[in-house]
Structures are given as C-alpha cells and as structure tokens.
Amino acid sequence: MTSTDTVMTRSPLTLDDVPALTALMNRIDVADELGEPAEEPSIREWLTMPGLDLSEDTLALRDGDELIGFAAVDVHTSLDRDGRVRCQLMGGVDPAHRRQGLGAELFEWAESRAAQLAAERHSAEADAIFRVSGGRDPDLDAREDAPLTGGADVRPLIERRGYRRARSWLVMVRDLPGAALPSFEREQVQVIAPEHDHAEATRLAHIDAFDDHWGSAPVPPERWNIWWSSHTARRELSSIALDAEGTVLAYVITSEDKPGVLHIALVGTRPGARGRGLARAVIARTLAAAADAGYAKAELEVDAESLTGATRLYDALGFARDAVYGTFEKPVGRLV
C-alpha cells in the first residue's frame, strides 16, 4: 500500500456527516437527473426523524475521509392498509464510485437490517414488503435511435434483486399566477391557512383521507409534527377546509424545497366529504396565496394509478405533466 492509497471503511452515519451527506446526495441528484437538490437543514431533520436510530439503521461507506455511499432503512410502526409491514430502503453511491459492487453491498445490508427491524416492531405474523425508489423514468427523444436519459441508473440493480415496479408517480407543474382559479363559497365550511394548533386535526384528516390509498399507513404524531414544523414548511400557504365544528374536511400541506417553487406535499379529503369541491377549494386558495407571495410555480406528485380522480382534478386546475417516477417493491413474506 502506498502513502496515497486509502482504506474503505464502513460505519453508521452521524450528525457530523450532514454536510458530506448533503454534498453526496447532490452529486447523485445531478448524475441521475432527479431534480431534487438537498439542503443541509433538510438532511439534518431527516437524520433526526423519530424512529430512525442512526447507529443501527444507517450505514456509510467512506473512501478514506470521503463519504461515497450510504444506506438507511425506515420501517413503519403501523401496518399498511393491506396488513403489510412497509420497509423503505434508501441510499446511493457516488457516481464516481459506481460499477464496483458497492450498491449491491448497501442493498444486502439494508435488506438484512429492514427484516430485523420489522420483526422487532411487529411481533405478530405479517407479510413484509421492501420498497425503493426507481428514480425518474427515462425520456425518449423524438428520434427512434435517441439514447435514453434520466435517473434510471439504479433500476438494473434493483430488478436483479427481485424488485418490480409497483406504482408510478406523475410530477405536475403549474405556472403562477396562471389561469383564473375557481371561487368557493359554501355555508358552514371555512377555507383558511392552518394555525399551529391545527396540526393534530389535520393529521387525523390525513389518516382518514388516505385510508383507502395504495400503500398507506397511519402517520404517528411525532413524525407528523416534524413535517408540520420543518424548516421548508410553508404553513401560511397551506390550506384547510373546516366545518362548523372545526373538523378538518380537506387540506393542502405545502413546503418550499426549491427556491421560487411551492411544493404541494399532501392533498386529501375525508371520504365522507368528497364530491363537494373541497379539494378544489383548498388547492385554489393555496395557489392564489402562492401567487400573491411571488412564487413562479407550484408542483406536486400524484399517484398515476389512483382511483380518486386526482389527476383529472389537477389537469382541470392547470397543472401539466413534467416527469414520471417509479416505486419498486419486493415482497419478502412472513417475518416470524
């Protein structure tokens, strides 16, 4: 070994890794054309998310002092609507260090840790499912011989490991202010920006609204409160529809992940309140408030296979398709 050789080490992530992890994720973002740049405050919030034990649930690969790869697992504390344990696997390898087997190594570790953690959290028999992002779908140029582009570099690896596409997500974008938005007036329903004290009422509305959605599971209060109060949250641009008793019937939760673009992170309507135009009303209020605040665009992701008609609603409100991302899953059967 020469004096310039380095040694590959493996250890858990720590909060001291926030700058290096942010830089690594941004290198991956550029190489895979994801369009999702990371910021240090967001990465710090993620690493301090309730339920994530950095010492047990993360792994970092280091080439000397340089962070070149990572993995993390997030096992939900509740079963999803199909009675499964949802295990989210996350990670990445520096583009300069790919094709060396590091991605496969990280997957081996993540799957093993996810299975162990799922068994610990769910003592009763339950089917587990591993879930990973397949990145952005490749775009095909108009020429038949044009190369595929986009962030699909990970797909050959996950497909070899038995993952199959389970869902597609449309990224939809709307220019602001854009076309005129519908007005909403309904007796005994108030559409406002939520206050801090609306956090729990909105969480309960979200659980009710997403109970019939694919892959959903209840969000615990401690995790919801992180989302509600994160540094990117834009509560003044979020919207809720309240009935006369103060129950949240519909909601829009927003954040600013990219400068000048309002991200509509969550939209939902309680099943018993659907068909009344409430989703349209809360989205319209949010878009108008965003335009008044000087935002140039609004964006959101929607389940392309949802049966709720959300895509048609967003089309009607002036959103246009911008990209498609895939979620891949691997069933792993019973834990005990």
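The structure we're discussing is the one just above.
My aim in this report is to walk through the structure given alongside it, one point at a time. (Residues numbered from 1 in each chain as written. Predicted model: local features only at pLDDT ≥ 70, side-chain atom pairs only at ≥ 80, totals over all residues. Heavy atoms only, no water.)

### Some thoughts on the nonpolar core
One broad trend across soluble globular proteins is that nonpolar side chains are buried collectively. Membership of the largest hydrophobic core comes to 30 residues, with the highest contact counts inside it found for Ile283, Tyr314 and Phe319. Elements that contribute at least two residues to this core include exactly strand S6 (164-175), strand S9 (248-258), strand S10 (261-269), helix H8 (278-292), strand S11 (297-303) and helix H9 (310-316). Listed in part, the 25 residues of the second largest apolar core include Leu59, Phe107, Tyr163 and Phe328. (Core = buried A, V, L, I, M, F, W, Y, C linked by side-chain atoms within 4.5 Å. Buried < 20%, exposed > 50% of the residue type's maximum accessible area, 1.4 Å probe, protein only. Helix = DSSP H or I, 4+ residues; strand = E, 2+ residues; numbered from the N terminus.)

### A look at helix H1 (residues 18-31)
With 14 residues, H1 should reach 20 Å at 1.5 Å per residue; the first-to-last C-alpha distance of 20 Å fits that figure. Looking at H1, one finds that the buried residues are Val18, Leu21, Thr22, Leu24, Ile28 and Asp29. Looking straight down H1, one finds that the buried residues subtend no more than 165° of arc, so they occupy a single side. On its buried side, H1 packs onto helix H2 (40-47), strand S3 (66-75) and strand S4 (84-93). Residue glutamate 33 follows H1 closely and has a positive phi angle near 55°. (Expected span 1.5 Å × (residues − 1). Arc of directions from axis to C-beta. Contact = heavy atoms within 4.5 Å.)

### Focus: empty space enclosed by the protein
Vacant regions in the atomic arrangement are exposed by a probe of water-molecule size rolled over the atoms. What the rule picks out here adds up to one cavity of 30 Å³ or more. Forming the walls of the largest cavity are Pro194, Trp227, Trp228, Ala233, Arg234, Arg235, Ser238, Ile253 and Thr254. Considering only residue class, the lining of the largest cavity consists of five nonpolar, two polar and two charged. (1 Å grid on protein atoms, 1.4 Å probe; cavity = no way out; pocket = protein on both sides within 12 Å on 5 of 7 lines; lining within 4 Å. Points joined across faces, edges and corners; volume = space filled by probe spheres on them. Nonpolar A, V, L, I, M, F, W, Y, C, P; charged D, E, K, R; others polar.)

### Thoughts on the side chain of aspartate 303
By secondary structure assignment, the location of aspartate 303 is in strand S11. The class for aspartate 303 is buried, based on a relative accessible area of 11%. Here the side chain of aspartate 303 touches arginine 167 through a polar contact of 2.9 Å, side chain to side chain. Residue contacts for aspartate 303: discarding those within four places in its chain leaves Arg167, Ser168, Trp169, Trp214 and Thr311. (Polar contact = N/O pair within 3.5 Å; in protein donor to acceptor, adjacent residues only side chain to side chain.)

### Observations concerning unusual backbone geometry
Between leucine 176 and proline 177 the backbone carries a cis peptide bond, its omega angle lying at 5°. Within the element layout of this structure, proline 177 appears in the loop between S6 and strand S7 (190-192). You will see that glutamate 33, though not glycine, has its phi angle at about 55°, which is positive. Here glutamate 33 is to be found in the loop between H1 and H2. In this model, arginine 99 sits at a positive phi of 65°, which is unusual for a non-glycine residue. You can see arginine 99 is positioned in the loop between S4 and helix H4 (102-121). Given a relative accessible area of 69%, arginine 99 falls into the exposed group.

### Here we look at the side chain of aspartate 80
Along the polypeptide, aspartate 80 turns up in the loop between S3 and S4. Not counting residues up to four positions away in its chain, the partners in contact with aspartate 80 are Gly215, Ser216 and Ala217.

### Brief notes about the packing of aromatic side chains
Within the structure shown, the criterion is met by six aromatic pairs. Where tryptophan 46 meets phenylalanine 70, the ring centres are 6.2 Å apart and the plane angle is 75°; that geometry is what we call edge-to-face. Of this pair, tryptophan 46 sits in helix H2 while phenylalanine 70 sits in strand S3, and the two are 24 residues apart along the sequence. On the accessibility criterion, phenylalanine 70 (4% relative accessible area) is buried. Among the aromatic side chains, those forming a connected cluster through ring pairs are Trp224, Trp227 and Trp228. (Phe/Tyr/Trp six-rings, centres within 6.5 Å; stacked < 30°, edge-to-face > 60°.)

### Some points on helix H7 (residues 221-229)
Each full turn of the α-helix corresponds to 3.6 residues, which orients residues three or four apart in the same direction. Listing the buried residues of H7 in full gives Arg223, Trp224 and Trp228. Take H7 and look down its axis: the buried residues cluster within an arc of 140°, on one side only.

### Remarks on a negative patch on the surface
Negative charge collects at one region of the surface, where Glu36, Glu39, Asp257 and Glu301 lie side by side. Checked against the element boundaries, glutamate 36 lands in the loop between H1 and H2. (Patch = residues over 30% accessible without salt bridge, like charges linked within 9 Å, V, L, I, M, F, W, Y side chains within 5 Å. Areas by Shrake-Rupley, 256 points an atom, 1.4 Å probe, with all protein chains shown as cover. Salt bridge = Lys/Arg side-chain N within 4 Å of Asp/Glu carboxyl O. Lys, Arg positive; Asp, Glu negative; His and termini not counted. Charge placed at Lys NZ, Arg CZ, Asp CG, Glu CD.)

### Section: the pattern of salt bridges
Under the defined criterion, the tally for this structure stands at 22 salt bridges. Across the salt bridge formed by aspartate 32 and arginine 98, the nearest N and O atoms sit 3.0 Å from each other. Placement of the pair is aspartate 32 in the loop between H1 and H2 and arginine 98 in the loop between S4 and H4, with a sequence separation of 66 residues. Between arginine 223 and aspartate 74 there is a salt bridge, and its shortest N-O distance comes to 2.7 Å. Here the residue arginine 223 occupies a position in helix H7, and aspartate 74 occupies one in strand S3, the gap between them amounting to 149 residues. On the basis of relative accessibility, which here comes to 14%, the residue arginine 223 falls in the buried class. With relative accessibility at 23%, the residue aspartate 74 sits in the partly exposed group.

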